[in-house]
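# Summary of structural features
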Amino acid sequence: MTTDAVTTDPTIDLGAGRRSGTATLAQARDDARGRADISVEAMPYLPPSSSPHVPAGVDPAALTWAETVAGPGYTHATVARGTRIRLEDVEGDACAHVVVYSALNTAERLNVADTQKIPWQAYLGAGHPLLSGDGRVLATIATDGAGGHHDAFCGVTTLAGNASRYGAGEAHSATAAGRELLRLAGTKEGLEPRDLPPSVSFFKGVRVAADGALEWTGAAGAGASVELIAEMPLTILIANAAHPLDPRDDYTVTPLRVHAWAAAASAPSDPWWSATPERTRAYLNTQQHLLVKGIR
Amino acid sequence: MTVTWATHEADYFDRSEPSVPGAVVLDEEIAPRAGWSAVVRAGHVFTLVDVGGNQSGDCLVFDAADHAERYSVQATLVAQRNAYLVDGSVLLSNEGNPLMTIVANEVERQDTIGGACSKESNTLRYGHHTRFHHACRENFLLEGAAHGLGPRDLVSNINWFMNVPVEADGTLGIVDGISGPGKRVALRAERDVLVVISNCPQVNNPCNDFNPTPLRVIVTDPGEA
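Remember, it's a predicted structure, so these values are computed and weren't measured experimentally.

### Quick look at the overall build of chain B
- Helix and strand content of chain B: 3 helices and 11 strands.
- For chain B, the α and β elements follow one another from N to C terminus as β-β-β-β-β-α-β-β-α-α-β-β-β-β.
- Taking 17 Å as the expected radius of gyration for a compact globule of 225 residues, we find that chain B reaches 16 Å, a close match to that expectation.
- With respect to the principal axes defined by its C-alpha atoms, chain B has extents near 50 × 40 × 40 Å.
- Per-residue burial over chain B gives 60% buried out of 225 residues.
- Residue pairs in contact within chain B that sit at least 24 positions apart in sequence constitute 78% of those at least 6 positions apart.
- A total accessible area of about 8,200 Å² is found for chain B, and carbon and sulfur atoms account for 50% of it.
- Positive and negative charge centroids in chain B, built from 16 and 29 side chains respectively, lie 5 Å apart.

### Remarks on the packing of aromatic side chains
- One pass over the full model with this rule turns up 4 aromatic pairs over all chains.
- Geometrically, the ring pair formed by Trp273 of chain A and Tyr283 of chain A is stacked, given 5.0 Å between the ring centres and 15° between the ring planes. Placement of the pair is Trp273 of chain A in the loop between strand E13 (256-262) and helix H5 (277-291) and Tyr283 of chain A in helix H5, with a sequence separation of 10 residues. Across the pair, Tyr283 of chain A and Trp273 of chain A agree in class, each one buried.
- Centroid distance Trp36 of chain B to Phe46 of chain B: 6.0 Å. Interplanar angle 45°. Geometry classified as tilted. One end of the pair, Trp36 of chain B, is in strand E2 (residues 35-40); the other, Phe46 of chain B, is in strand E3 (residues 45-50), and 10 residues separate them in sequence.
- By relative accessible area, Phe46 of chain B is classed as buried at 1%.
- One cation-aromatic arrangement involves Arg109 of chain B over Tyr84 of chain B; the distance from NZ or CZ to the ring centre is 5.0 Å.
- Stacked on the ring of Trp120 of chain A, the Lys or Arg Arg125 of chain B has its end atom at 4.9 Å from the ring centre.

### Here's the deal with the side chain of Thr112 of chain B
Residue and element names in this part refer to chain B.
- When you line up the elements, Thr112 lands in the loop between strand E7 (98-105) and helix H2 (119-126).
- In this structure Thr112 comes out as buried when scored by relative accessible area, which is 1%.
- A distance of 2.7 Å separates a polar atom in the side chain of Thr112 from a polar atom in the side chain of Tyr71.
- A polar atom in the side chain of Thr112 sits 3.0 Å from the backbone oxygen of Asn157.
- With residues up to four places along the chain from it excluded, the contact list for Thr112 reads Tyr71, Val73, Leu77, Ala83, Leu85, Asn157 and Ile158.

### Comments concerning the interface of chain B and chain A
- With 43 residues of chain B in contact, the opposing surface of chain A contributes 43 residues.
- Roughly 3,700 Å² of surface becomes buried between chain B and chain A when both sides are summed, with 52% attributable to carbon and sulfur atoms.
- The largest contributions to the chain B side of the interface with chain A come from Gln74, Leu124 and Arg152 of chain B, which together make up 22% of the buried area.
- Notably, a salt bridge pairs Asp153 of chain B with Arg194 of chain A, separated by 2.6 Å at the nearest N-O pair.
- The interface formed by chain B and chain A includes 25 residue pairs in polar contact (both at pLDDT 80 or more).
- Where the side of chain B that touches chain A is concerned, the elements lending two or more residues are strand E5 (66-70), helix H1 (73-80) and H2 of chain B.
- The dominant element in the side of chain B that touches chain A, judged by the number of residues it contributes, is H2 of chain B, at 6 residues.

### Details of the pairing of E3 of chain B
All names here are of chain B.
- Most of E3 is tucked away: 6 of the 6 residues are buried.
- Because side chains alternate across E3, one face comprises the buried residues Val45, Thr47 and Val49, and the other comprises Phe46, Leu48 and Asp50, equally buried.
- Note that E3 and strand E9 (residues 183-189) share 6 bridges and pair antiparallel. Note on E9: the bridge partner recorded for Phe46 is Leu187.
- In the sheet, E3 pairs with strand E11 (residues 215-221) via 6 bridges, with the strands oriented antiparallel.

### Side note on the sheet that holds strand E11 (residues 224-230) of chain A
All names here are of chain A.
- The strand order E1-E13-E3-E11-E6-E5 describes an open sheet built from 6 strands, whose pairing is antiparallel. The sheet is open, and its two borders are formed by strand E1 (63-69) and strand E5 (129-131), each paired with just one other strand. Between one strand and the next, the sheet's axes are offset by a mean angle of 20°, whatever the strand orientation.
- Alignment of E1 against E13, held across 6 bridges, turns out to be antiparallel. The residue bridging Trp65 from the neighbouring strand is Ala260, located in E13.
- Along the sheet, H5 makes contact with E5 and strand E6 (137-144), crossing E6 at roughly 130°.

Parameters at a glance
- Residues numbered from 1 in each chain as written.
- Chains lettered and ligands numbered in written order.
- Predicted model: local features only at pLDDT ≥ 70, side-chain atom pairs only at ≥ 80, totals over all residues.
- Heavy atoms only, no water.
- Helix = DSSP H or I, 4+ residues; strand = E, 2+ residues; numbered from the N terminus.
- Rg over C-alpha atoms; globule rule 2.2 N^0.38 Å.
- Buried < 20%, exposed > 50% of the residue type's maximum accessible area, 1.4 Å probe, protein only.
- Contact = heavy atoms within 4.5 Å.
- Areas by Shrake-Rupley, 256 points an atom, 1.4 Å probe, with all protein chains shown as cover.
- Lys, Arg positive; Asp, Glu negative; His and termini not counted.
- Charge placed at Lys NZ, Arg CZ, Asp CG, Glu CD.
- Phe/Tyr/Trp six-rings, centres within 6.5 Å; stacked < 30°, edge-to-face > 60°.
- Lys NZ or Arg CZ within 6 Å of the ring centre and 35° of its normal.
- Polar contact = N/O pair within 3.5 Å; in protein donor to acceptor, adjacent residues only side chain to side chain.
- Buried area = accessible area lost by both parts, 1.4 Å probe.
- Salt bridge = Lys/Arg side-chain N within 4 Å of Asp/Glu carboxyl O.
- Pairing = 2+ DSSP bridges.
- Axes fitted to C-alpha atoms, helices over the stretch in contact; angles between N-to-C directions.

What follows is the structure, encoded as structure tokens:
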């Protein structure tokens, strides 16, 4: 097989197969090294400044993380306070299932109930804080370029659910369950399955009808984006997998782009800091939590 | 102002009776503001009585044999395509397996969106003067510790007898309850489950009608009538 046969279909494992003789160690080494010329859609960009997709207005030299995540696929990182994390739905069918933890103590993690209750608002949008169960802000949705097509009600699909619906849900399958991907991502950050709380989903929307019915509103379209601000040293798990309420018969998920760069944590001058009194106190709690540890 | 939380036996209390008849396996009262936990065996029915009316019973459910498998609000809501728990709702685990099924319910809708109160979130919702008010998260942590559970095991919970509407623009919050003295919810255990309850001590919102009252727990074995 030649590189001409390499597909950019992100749902297919991209091992390129036999390319040349590998009977001897020298041949095998040359063959392995020769594979580095393969370029596909879903891959990390290293150094991050070399990303072919640097977001507008961002200094490439400031990038700390640049990657296109396959669909299905996952990624994860522990980032510094003040990191700006941009997620982009490249083709219009990404779904970024996200869990965040304080990297100072991962027992402090996303609490979806508080994230909805404290702002008195169930729907995620610009300025919405992602709150921990400890009365603090882990991250803020700074910008929403997806018109509110997000969801905090439904979480991720399960192995059993995807096996029933699509025939398979394992991480190695083309119809991987979101929970299976988050489990793997978490494991690599030192977390166990019990550490996976309810998650939030970007780029697929759900609304609640008057009778409580959950209604699917789908995607915002290709190029939709959100930007998160890490308000603490933050561990973030991201699974790009079909949404549990996706009504389509076929498991559908397209690549997710991640860029992160060093920026500033939220400050009193940011509009969301004082958007509601509850949020102000959440930022004050966060500020004091870090202040007493000597973290600025 | 000094606030105390004395437990008064009120003449309007209604302790009711089990929703599903059977041999009584357990019959206990959860004092106002206290935590409670027990394993409910597969097939047994757990009845929770709102003795004083509009008293939130915050509830977590774990597989008794594997605590890593536990109630998932998100899996539960996805499966029923609805944000509220009603008669027939199946409480699913994070792996999508049935833990308990609501077999009787006398409140129009039960909440599982509003989460538990905590000393920490109280400071956000009501101000820093509430920092030393007792809270459900304290009860969950203390009851959970008896079973080897800790902060990592606290997930979004159910609030029996609490009312959390979601409006069209996404506004949601805790409003006056729609329960009353003696109203019940009953659940059949689909496997052996650990049930953890916090009889909510909150006095800064209407989830307890600003007056914490007792809850009664009755577990019956319908096979041993």
